[in-house]
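# Per-entry structural report
One-letter residues, chain by chain:
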Amino acid sequence: MPKHERSTDELLNEIKQTHEIEKFIKNNSGEFTDKPLHEMLNELIVNRKLKKSEVIKGSGLNRVYAYQILSGKKMPSRDKLIAFCFGLQLDVDETNSLLKSVGLPVLYARNKRDSIIIYAINSGKSVFITNNLLFENKFEILTT
């Protein structure tokens, strides 16, 4: 996930005050997230010195489907991307950053299902244990 020099709030405040969107975009070109998801995922795998096969196994996703995500052939749902984050061993902030970067809703502590997922991530639980927690609490699991 890209590291930005300016916060999202700073960018938002500047957008609210700008009269020339083209100038804003030009001046802030390095601040935008415009990498495809599969490139971000592959970078995370390399930067964390993980193997694709380990990440996929840890995600609990179907192997063929996961490789299609990594090649850019498939765009995962929010749940599948969260499962991928388990495989990447991301924390809640990193998971939310990745979700945001592709326009998906972040994990929200006021949502019961999301709270279970947040708890599992913070507790270092696997996606498999997380799925059990979700199932036991009568919520849809992350992977099928």
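See the structure printed just above.
Read on for an overview of the structure. A quick note: this is a predicted structure, and the numbers were derived from the prediction, not measured.

## What to know about the side chain of Asn42
- Assignment of secondary structure puts Asn42 in helix H3 (residues 37–47).
- Ignoring any residue separated from it by four or fewer positions in sequence, one finds Asn42 in contact with Lys52 and Leu70.

## Here we look at the pattern of salt bridges
- All told, the structure shown has four salt bridges when counted by the stated rule.
- Measuring nitrogen to oxygen at the nearest pair gives 2.3 Å for the salt bridge that ties Lys35 to Glu43.
- Across the salt bridge formed by Arg113 and Asp79, the nearest N and O atoms sit 2.8 Å from each other. Of this pair, Arg113 sits in helix H8 (residues 112–122) while Asp79 sits in helix H6 (residues 78–88), placing them 34 residues apart in sequence. Residue Arg113 shares its accessibility class with Asp79, and that shared class is buried.

## Let's talk about the environment of Glu54
- Mapped onto the secondary structure, Glu54 falls in helix H4 (residues 52–59).
- By relative accessible area, which is 42% here, Glu54 ends up partly exposed.
- On a C-alpha basis, the gap between Glu54 and Leu88 in space is 8.6 Å, while along the polypeptide they are 34 residues apart.

## Some words on the packing of H4 against helix H5 (residues 63–71)
- Interhelical geometry of H4 versus H5 gives an angle of 120° and a closest axis separation of 10 Å. Between H4 and H5, the crossing angle belongs to the class labelled oblique. Crossing handedness for the pair H4 and H5: right-handed. Packed against H4, whose contacting residues are Lys52, Ser53 and Ile56, the element H5 presents Arg63, Ala66, Tyr67 and Leu70 at the interface.
- Taken together, the residues of the contact of H4 with H5 break down into four nonpolar, one polar and two charged.

## Remarks on helix H9 (residues 127–136)
- Listing the buried residues of H9 in full gives Val127, Thr130, Asn131 and Leu134. The buried side chains of H9 occupy one side of the element, clustering within an arc of 100° when seen end-on.
- If you follow the buried residues of H9, they end up packed against H4, H6 and H8.
- Just downstream of H9 lies Lys138, where phi reads positive at about 65°.

## Things to note about the nonpolar core
- Counting residues in hydrophobic clusters, the biggest one holds 32 residues, and the most contacted among them are Leu41, Phe84, Phe86, Leu88, Leu98, Ile117 and Leu142.
- Looking at which element gives the most residues to this core, the answer is H6, with seven residues.
- The residues contacting Leu142, other than those within four sequence positions of it, are Asp79, Lys80, Ile82, Ala83, Phe86, Arg113, Ile117, Val127, Thr130, Asn131 and Leu134.

## Section: a nonpolar patch on the surface
- Taken together, the side chains of Ile21, Ile25 and Phe32 present a nonpolar region at the surface, about 240 Å² in accessible area.
- Examined against the element boundaries, Phe32 turns out to sit in the loop between helix H2 (21–27) and H3.

## A word on the packing of H8 against H9
- Remark: H8 packs on H9, axes separated minimally by 10 Å, with the N-to-C direction vectors making an angle of 150°. Here H9 runs roughly antiparallel to H8, going by the angle between their axes. Relative to H9, the crossing made by H8 is right-handed. Every residue of H9 that contacts H8 at Arg113, Ile116, Ile117, Tyr119 and Ala120 is listed here: Thr130, Leu133 and Leu134.
- A class-by-class count of the residues in the contact of H8 with H9 yields six nonpolar, one polar and one charged.

Criteria and thresholds
- Residues numbered from 1 in each chain as written.
- Predicted model: local features only at pLDDT ≥ 70, side-chain atom pairs only at ≥ 80, totals over all residues.
- Heavy atoms only, no water.
- Helix = DSSP H or I, 4+ residues; strand = E, 2+ residues; numbered from the N terminus.
- Contact = heavy atoms within 4.5 Å.
- Salt bridge = Lys/Arg side-chain N within 4 Å of Asp/Glu carboxyl O.
- Buried < 20%, exposed > 50% of the residue type's maximum accessible area, 1.4 Å probe, protein only.
- Axes fitted to C-alpha atoms, helices over the stretch in contact; angles between N-to-C directions.
- Parallel < 35°, antiparallel > 145°, perpendicular 65-115°, else oblique.
- Left-handed = near helix turned anticlockwise from the far one by under 90°.
- Nonpolar A, V, L, I, M, F, W, Y, C, P; charged D, E, K, R; others polar.
- Arc of directions from axis to C-beta.
- Core = buried A, V, L, I, M, F, W, Y, C linked by side-chain atoms within 4.5 Å.
- Patch = residues over 30% accessible without salt bridge, like charges linked within 9 Å, V, L, I, M, F, W, Y side chains within 5 Å.
- Areas by Shrake-Rupley, 256 points an atom, 1.4 Å probe, with all protein chains shown as cover.

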